2 protein chains.
Amino acid sequence: MAESGAPTQRESMADRIYQALKEDIFEFRLIPGDKFSESDIAQRLSASRTPVREALYRLEREGYVDVLFRSGWQIRQLDFKQIEELYDLRITLERAAMHKICRLDKPPPALRLLNDIWNPDAPSERAFGSTVRALDESFHCELVAAADNDEMTQVHQRITDRLRIVRRLDFTRPDRIDATYREHAEILQALIANNPGEAAEKMTAHIRTSQEAVKGISLERIREVSQQHRRREPGRP
Amino acid sequence: MAESGAPTQRESMADRIYQALKEDIFEFRLIPGDKFSESDIAQRLSASRTPVREALYRLEREGYVDVLFRSGWQIRQLDFKQIEELYDLRITLERAAMHKICRLDKPPPALRLLNDIWNPDAPSERAFGSTVRALDESFHCELVAAADNDEMTQVHQRITDRLRIVRRLDFTRPDRIDATYREHAEILQALIANNPGEAAEKMTAHIRTSQEAVKGISLERIREVSQQHRRREPGRP
DNA sequence: GGTTGCAATCTTGTATACAAGAAGTCTTTA
DNA sequence: TAAAGACTTCTTGTATACAAGATTGCAACC
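It is worth spelling out the confidence of the model for chain A at this point. Looking at chain A, pLDDT values average 88 and 89% of them are 70 or higher. Below pLDDT 50 for its whole length, residues 1-8 of chain A participates in one contact with residues either more than four positions away or in separate chains.

Here is the structure:
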């Protein structure tokens, strides 16, 4: 998503730090279990502790880090139960979005736009690798957004962020990419045909298979990927 | 809810301030549109600006206040569209909870406990006024919690907090209280009979009627109630 | 070796100082 | 009277100072 055009004045230092840390987590530069202090971050990002604390507390409330009383901060461990619950919640929201979209007065333009991307008749246009990962994410987010409930969209966005790390580890096998294209197209077909029940069922199945693919992800696998990343672009942890 | 027994050390000043401000909002001591500065709050609560800022930023992210760049803070206006959306989201989550409860291996104990409270056969035990309001809130929260998805429970709790102000203005007419008892009992019956579809439909209808009752709430009405409260317990705004 | 006590260091939580800018006020001028 | 402009005051955003306690490393002792 591009920078929102809001006239909210310049981006604050705290926002910058928040974004930087979140990206550090998504890019495996900070991995579950890593410990650090506010001063570490402040020094690394050339700021004082105040905006760093603001960013960290925000990340804490969103579930990315833990604060240990007078003993530093830690990237929160990936909890399998929590991931399951987030997937369940995601399914609940996206199913509801399917029904809401079909109850709208007129079909949202997003349907046509998405159909252009995921149309199975234009296989030459297919993306791959990290691109299809980003496209998949925006497919789901834009469908929820099309349901026209900002609160739901925000909650869903937060879940999407939270699950991004594990979803990264999917989308490697070509057959999964093929399936993604096929399933997305089918979901859009059902929506365009104004068949919310079928869209919801297909969406559920689609998310569940992705969830299954991700189920085997262990902390070791993440650490492994993290090492690969670190070797490719050496930088401070 | 009583203080959680977590060994999380003492409650921080920032937490205290957060709670105090939230209560000020719920109790109409701070009403939409009110402006104030960090120093105001700090002085009133005998603290420095640092923990006040922490509390305020948390409230901002939860949607209760706005920060005006270098121009103070403001209690966020009640947005009708947002309230509608929150109600919609609430219905989505509680419907999902109905289905999840019926898919559990064994019915959760909460069902029996709630049935003791809302049993229509014991009309003598009925609560009224602010008590029934609190009971209604915990009825819905505990049902969602019984679905055994912590992430969903947390999101639902945040929505419940956010809607508390408008729900306060319901539960005045005795017929609404009667209906609440009847509808809650019916929902529990459907759940105990393992009929998720019926439970979901009855829940939807139940929430919708409460939403309708609240629909006419205007800012003026809130200001009015706020004045009554202020007259009853005079204190600093 | 294993353990205990102590002290130096590090950490967060809170308070305060400073900077850049917004807002309101008061004076001055036509 | 109305408007304009300078100035004072106030506000948040950031940096720094201080306090209480957690952690750790080391030395002394059994």
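Around DNA strand C there are 20 residues in total, and Y57 and W73 of chain A together with M13, S48 and T50 of chain B lie nearest to it. For DNA strand C, the backbone portion of the atoms within 4 Å of the protein, that is sugar and phosphate, comes to 66%. For DNA strand C, a phosphate oxygen lies 2.4 Å from a polar atom in the side chain of Y57 of chain A. Elements that contribute at least two residues to the surface near DNA strand C include exactly α3 (49-61) of chain A together with α1 (13-26) and α3 (49-62) of chain B.

This next bit is on the relation of the copies chain A and chain B. Laying chain A over chain B is done by rotating through 180° and shifting 0.0 Å along the axis; what remains is an RMSD of 0.0 Å. Taken together, the turn and the small shift mark the pair as related by a two-fold rotation axis. Both copies contact each other with a shared surface, as 100% of the interface residues of chain A are interface residues in chain B too.

This part covers unusual backbone geometry. Residues and elements named next belong to chain A. Residue F28 is not a glycine yet carries a positive backbone phi of 65°. When you line up the elements, F28 lands in the loop between α1 (13-26) and β1 (35-36). Despite not being glycine, D148 has its phi angle at roughly 65°, a positive value. Tracing the backbone shows D148 in the loop between α6 (130-146) and α7 (150-168). Using a relative accessible area of 49% as the deciding quantity, one classes D148 as partly exposed.

In the vicinity of DNA strand D, 21 residues are found, and the nearest of them are M13, S48, T50 and R70 of chain A together with Y57 of chain B. Taken together, the sugar and phosphate atoms account for 67% of what DNA strand D places within 4 Å of the protein. The separation between a phosphate oxygen of DNA strand D and a polar side-chain atom of S48 of chain A is 2.7 Å. Contributions of two or more residues to the surface near DNA strand D are made by α1 and α3 of chain A together with α3 of chain B. Of the residues belonging to the surface near DNA strand D, the class tally is nine nonpolar, six polar and six charged.

The next point concerns the interface of chain A and chain B. The partner chain B presents 26 residues to the 26 residues of chain A that form the contact. Interface area for chain A against chain B, summed over the two sides, is near 2400 Å², with a carbon-plus-sulfur share of 51%. It is R61, E85 and E151 of chain A that lose the most area in chain A upon contact with chain B, and together they represent 24% of the buried surface on that side. In this structure, the salt-bridge partner of E54 of chain B is R53 of chain A, at a minimum N-O distance of 3.5 Å. Remark: the boundary between chain A and chain B carries 16 residue pairs in polar contact (both at pLDDT 80 or more). Only α3, α4 (80-103) and α7 of chain A provide two or more residues apiece to the side of chain A that touches chain B. Partitioning the side of chain A that touches chain B into residue classes produces eight nonpolar, four polar and 14 charged.

So, about the packing of aromatic side chains. Enumeration over the complete set of coordinates arrives at eight aromatic pairs over all chains. Look at F26 of chain B and Y64 of chain B: their rings are 6.1 Å apart centre to centre, the planes differ by 75°, and that puts the pair in the edge-to-face class. Residue F26 of chain B is found in helix α1, and its partner Y64 of chain B is found in the loop between α3 and β2 (65-67); the two are separated by 38 residues along the sequence. By relative accessible area, which is 4% here, Y64 of chain B ends up buried. Here the aromatic rings of W118 of chain B and F139 of chain B are separated by 5.7 Å at their centres, their planes lie at 70°, and the arrangement is edge-to-face. With W118 of chain B in helix α5 (residues 109-118) and F139 of chain B in helix α6 (residues 130-146), this pair connects stretches of sequence that are 21 residues apart. Take W118 of chain B and F139 of chain B: they sit in the same class, and that class is buried. Ring pairs connect the aromatic residues W118, F139 and Y181 of chain A, which therefore count as one cluster.

Looking now at the packing of α4 of chain A against α7 of chain A. Residue and element names in this part refer to chain A. With their axes 10 Å apart at the nearest point, α4 and α7 run at an angle of 135° to one another. Classified by the angle between their axes, α4 and α7 sit oblique to one another. The handedness of the crossing between α4 and α7 comes out as left-handed. Between α4 and α7, the contacting residues are Q82, I83, L86, Y87, L89, R90, L93, E94, A96 and K100 on the first element and M152, V155, H156, I159, R162, L163, V166 and R167 on the second. Tallied by class, residues from the contact of α4 with α7 come to 11 nonpolar, two polar and five charged.

Procedures and definitions
Residues numbered from 1 in each chain as written. Chains lettered and ligands numbered in written order. Predicted model: local features only at pLDDT ≥ 70, side-chain atom pairs only at ≥ 80, totals over all residues. Heavy atoms only, no water. pLDDT = per-residue confidence, 0-100. Contact = heavy atoms within 4.5 Å. Near = heavy atom within 4 Å. Polar contact = N/O pair within 3.5 Å; in protein donor to acceptor, adjacent residues only side chain to side chain. Helix = DSSP H or I, 4+ residues; strand = E, 2+ residues; numbered from the N terminus. Least-squares fit on C-alpha atoms with pLDDT ≥ 70 in both. Buried < 20%, exposed > 50% of the residue type's maximum accessible area, 1.4 Å probe, protein only. Nonpolar A, V, L, I, M, F, W, Y, C, P; charged D, E, K, R; others polar. Buried area = accessible area lost by both parts, 1.4 Å probe. Salt bridge = Lys/Arg side-chain N within 4 Å of Asp/Glu carboxyl O. Phe/Tyr/Trp six-rings, centres within 6.5 Å; stacked < 30°, edge-to-face > 60°. Axes fitted to C-alpha atoms, helices over the stretch in contact; angles between N-to-C directions. Parallel < 35°, antiparallel > 145°, perpendicular 65-115°, else oblique. Left-handed = near helix turned anticlockwise from the far one by under 90°.

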